[in-house]
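So the chains spell out like this:
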Amino acid sequence: MATTGRDYYEILGVHRSAGEAEIKKAFRQLARELHPDVSEALDADERFKEVVEAYEVLSKSETRQLYDRFGHAGLRSGGFRPTAVDFGSLADIFSAFFGDDVFGVATGARRARGADIAAEVEIELEEAATGITRAVPVQVATRCAACGGDGVEPGTAVSTCEDCGGTGHLQRVTRTGFGDFLRSQACPRCSGTGQIVEHPCKACSGAGRVLEERSLDVEIPPGIHDGQRIRLSGEGHAGALGGQSGDVYVLVHIRPHERLVREGDDVYSTIDLTMTEAALGTKAKVPTLDGELDLEFEPGTQPGAVQVLKGKGMPVLQGFGRGDHRVLVNVAVPRQLTDEQQGLLEQFAETASAETYRPDEGFFEKLKSAFR
Ligand SMILES: [Zn+2]
Ligand SMILES: [Zn+2]
């Protein structure tokens with residue numbers, strides 16, 4: 001389920017023949033401009049997601065080839081699902097994709113908690129009624145197994161940063177008219193770690209983290225509403241250098257049902273009766289969350305009549321009981337009459353009087369109470 005229908009090359013502003021480095025560069029630049037933390041534009045959020053998705057596809061030869069040959073449809077049939085990215089800060093995005101720090105200076109944030117991940121699932125209304133466990137694919141930055149997360153190629157040494165003498169901080173004196181101020185800032189050369197990694201880990205390019213495809217089992221509780229989020233604590237991106245992992249937030253969408261409409265915990269549907277069925281009374285099958293049910297309609301059932309099926313609605317989320325299901329009657333009036341039928345109806349009309357159509361006492365009261 002791609003979030004954009006636009007051309008990925010166009011989104012990144014690169015030529016179709018652009019090389020890996022050029023695509024990476026374009027992505028970095030756009031991500032810097034469009035990150036919702038930075039950009040004031042109202043559509044920054046959407047455009048940022050597009051840019052991340054475009055980069056996700058074009059940075060991997062497998063998905064790029066698929067896209068080049070068959071476009072968006074090719075990706076869909078190839079099973080591609082963009083990771084719904086919600087990395088938090090821009091620095092986290094870059095460290096997840098490239099393993100570096102965008103601002104060049106790492107502070108105490110090097111040991112920061114990992115970023116959260118947003119994912120989405122779409123379920124049927126019936127599944128929302130019963131509750132369901134769904135596997136949700138996510139791409140998670142996990143601690144690199146090869147280097148244990150420190151980004152250093154195993155078996156190689158790390159040297160002490162000469163600029164800061166291994167402290168990770170530089171003292172700067174700022175002279176002003178009011179005197180000298182001493183400011184401490186993270187050492188730009190070693191990004192505040194105090195160490196220079198001469199041989200970055202090959203498996204993770206020194207990031208200490210690698211992206212891994214995972215499938216998370218998400219338990220969706222009965223009665224969940226469209227647009228609610230489920231949090232999976234600690235399943236998000238690994239923190240840098242042993243920091244705590246972030247969370248995964250799964251946004252649940254409920255696909256609109258063909259015949260049932262949900263309103264809170266209640267469910268509504270309509271039924272079409274023919275004029276004669278309504279006049280003579282009938283039995284009909286109506287769809288409910290529990291499958292089809294036989295309903296009886298009395299002779300003289302009026303358009304707009306409502307039958308209430310108590311306790312056949314949606315379960316109350318984290319509560320007890322269920323809402324109701326209300327069936328609204330529509331009466332179909334015949335439109336294509338043969339000469340014979342026309343004659344019969346005219347004959348009927350001649351014999352009918354005001355009494356034939358006299359409303360049931362209390363009909364309007366019943367109708368009102370059905371909607372209460
Ligand atoms: Zn590594
Ligand atoms: Zn240093």
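Since we're looking at a predicted model, the values are computed, not measured.

Caption draft 1: Main features of the coordination of the zinc ion (ligand 1). Around the zinc ion (ligand 1), the protein contributes the donor atoms Cys-144 (SG), Cys-147 (SG), Cys-201 (SG) and Cys-204 (SG), at 2.3 Å from the metal centre. Coordination at the zinc ion (ligand 1) is tetrahedral, judged from the four donor atoms that bind it and the angles of 102 to 114° they form at the metal. Along the chain, the residues donating to the zinc ion (ligand 1) fall in the pattern C-x2-C-x53-C-x2-C. One end of the pair, Cys-144, is in the loop between strand E2 (132–143) and strand E3 (158–160); the other, Cys-201, is in the loop between strand E6 (195–197) and strand E7 (209–220), with 57 residues separating them in the sequence.

Caption draft 2: Representation of the environment of Ile-132. Note that Ile-132 resides in strand E2. In this structure Ile-132 comes out as partly exposed when scored by relative accessible area, which is 22%. When the C-alpha atoms of Ile-132 and Asp-217 are compared, they prove to be 10.0 Å apart, with 85 residues separating the residues in sequence. Setting aside anything within four residues of it in sequence, one finds Ile-132 in contact with Ile-123, Glu-127, Val-218, Glu-219 and Ile-220.

Caption draft 3: Representation of the coordination of the zinc ion (ligand 2) in the model. Looking at the zinc ion (ligand 2), the protein donor atoms are Cys-161 (SG), Cys-164 (SG), Cys-187 (SG) and Cys-190 (SG), and they sit 2.3 Å from it. Viewed at the metal, the four donor atoms of the zinc ion (ligand 2) are separated by angles of 100 to 115°, and the geometry they form is tetrahedral. Counting gaps between the donor residues of the zinc ion (ligand 2) yields the pattern C-x2-C-x22-C-x2-C. Separated by 29 residues along the polypeptide, Cys-161 in the loop between E3 and strand E4 (169–176) and Cys-190 in the loop between strand E5 (179–186) and E6 bring together distant segments of the chain. Across the pair, exposure class does not vary: Cys-161 and Cys-190 are buried alike.

Caption draft 4: Up close: the sheet that holds strand E9 (residues 248–254). A sheet is described by the order of its strands in space; here three strands give the open sequence E1-E9-E8, paired in mixed fashion. Pairing within the sheet leaves two strands with one partner each, and these edge strands are strand E1 (117–123) and strand E8 (229–232). Here the strands of the sheet are splayed against their neighbours by 25° on average, with no regard to which way each runs. Sheet analysis places E1 next to E9, joined by seven bridges and oriented parallel. Its bridge partner being in E9, Glu-122 is matched across the sheet by His-253.

Caption draft 5: Seen up close, the side chain of Thr-288. Mapped onto the fold, Thr-288 is located in strand E12 (residues 282–288). Looking at Thr-288, the relative accessible area reads 6%, which means it is buried. A distance of 3.0 Å separates a polar side-chain atom of Thr-288 from the backbone nitrogen of Asp-290. There is a polar contact of 2.6 Å between the side chain of Thr-288 and the backbone oxygen of Gly-291. Apart from residues no more than four positions distant in its own chain, Thr-288 is found in contact with Leu-260, Leu-293, Leu-309 and His-325.

Caption draft 6: Spatial organisation of the nonpolar core. In this structure, Val-138, Ile-224 and Val-250 are the most contacted members of the largest nonpolar core, which totals 24 residues. Mapped onto this core, the elements with two or more residues apiece are E1, helix H6 (125–130), E2, E7, E8 and E9. Leave out the neighbours within four places in its chain, and Ile-224 touches Ile-123, Ala-128, Ile-230, Val-252, Ile-254, Arg-262 and Leu-317. With 21 residues, the next largest nonpolar core counts Tyr-8, Ala-54, Tyr-55 and Tyr-67 among its residues.

Caption draft 7: How the structure looks around the confidence of the model for the chain. Residues of the chain with pLDDT of at least 70 account for 85%, and the chain-wide mean is 84. Low confidence marks residues 99–110, where pLDDT is under 50. Its contacts with residues over four positions away, or in another chain, come to 21 contacts.

Caption draft 8: Structural detail: helix H2 (residues 20–34). Taking 1.5 Å of rise per residue, the 15 residues of H2 would be expected to cover 21 Å, and the 21 Å separating its terminal C-alpha atoms lies within 8% of that figure. Of all the residues in H2, the buried ones are Ile-23, Ala-26, Phe-27, Leu-30, Ala-31 and Leu-34. Buried residues along H2 cover an arc of 125° about the axis, so they all sit on one side. H2 presents Ala-21 and Lys-25 as exposed residues on the side facing more than 90 degrees away from its buried surface.

Caption draft 9: Examining the packing of H2 against helix H3 (residues 44–58) more closely. Interaxial distance between H2 and H3 falls to 10 Å at its minimum, and their mutual angle equals 165°. Regarding the angle of H2 to H3, the classification is roughly antiparallel. As for how H2 packs across H3, the hand of that crossing is left-handed. Taking contact as the criterion, the partners of Ile-23, Lys-24, Phe-27, Leu-30, Ala-31 and Leu-34 in H2 are, on H3, Ala-44, Arg-47, Phe-48, Val-51, Val-52, Tyr-55 and Leu-58. Class assignment of the residues belonging to the contact of H2 with H3 gives a composition of eleven nonpolar, no polar and two charged.

About the thresholds
- Residues numbered from 1 in each chain as written.
- Chains lettered and ligands numbered in written order.
- Predicted model: local features only at pLDDT ≥ 70, side-chain atom pairs only at ≥ 80, totals over all residues.
- Heavy atoms only, no water.
- Donors = N, O, S within 2.8 Å, 3.2 Å for Na, K, Ca; no water.
- Tetrahedral: all angles 85-135°; square planar, octahedral: opposite > 155°, others 65-115°.
- Helix = DSSP H or I, 4+ residues; strand = E, 2+ residues; numbered from the N terminus.
- Buried < 20%, exposed > 50% of the residue type's maximum accessible area, 1.4 Å probe, protein only.
- Contact = heavy atoms within 4.5 Å.
- Pairing = 2+ DSSP bridges.
- Axes fitted to C-alpha atoms, helices over the stretch in contact; angles between N-to-C directions.
- Polar contact = N/O pair within 3.5 Å; in protein donor to acceptor, adjacent residues only side chain to side chain.
- Core = buried A, V, L, I, M, F, W, Y, C linked by side-chain atoms within 4.5 Å.
- pLDDT = per-residue confidence, 0-100.
- Expected span 1.5 Å × (residues − 1).
- Arc of directions from axis to C-beta.
- Parallel < 35°, antiparallel > 145°, perpendicular 65-115°, else oblique.
- Left-handed = near helix turned anticlockwise from the far one by under 90°.
- Nonpolar A, V, L, I, M, F, W, Y, C, P; charged D, E, K, R; others polar.

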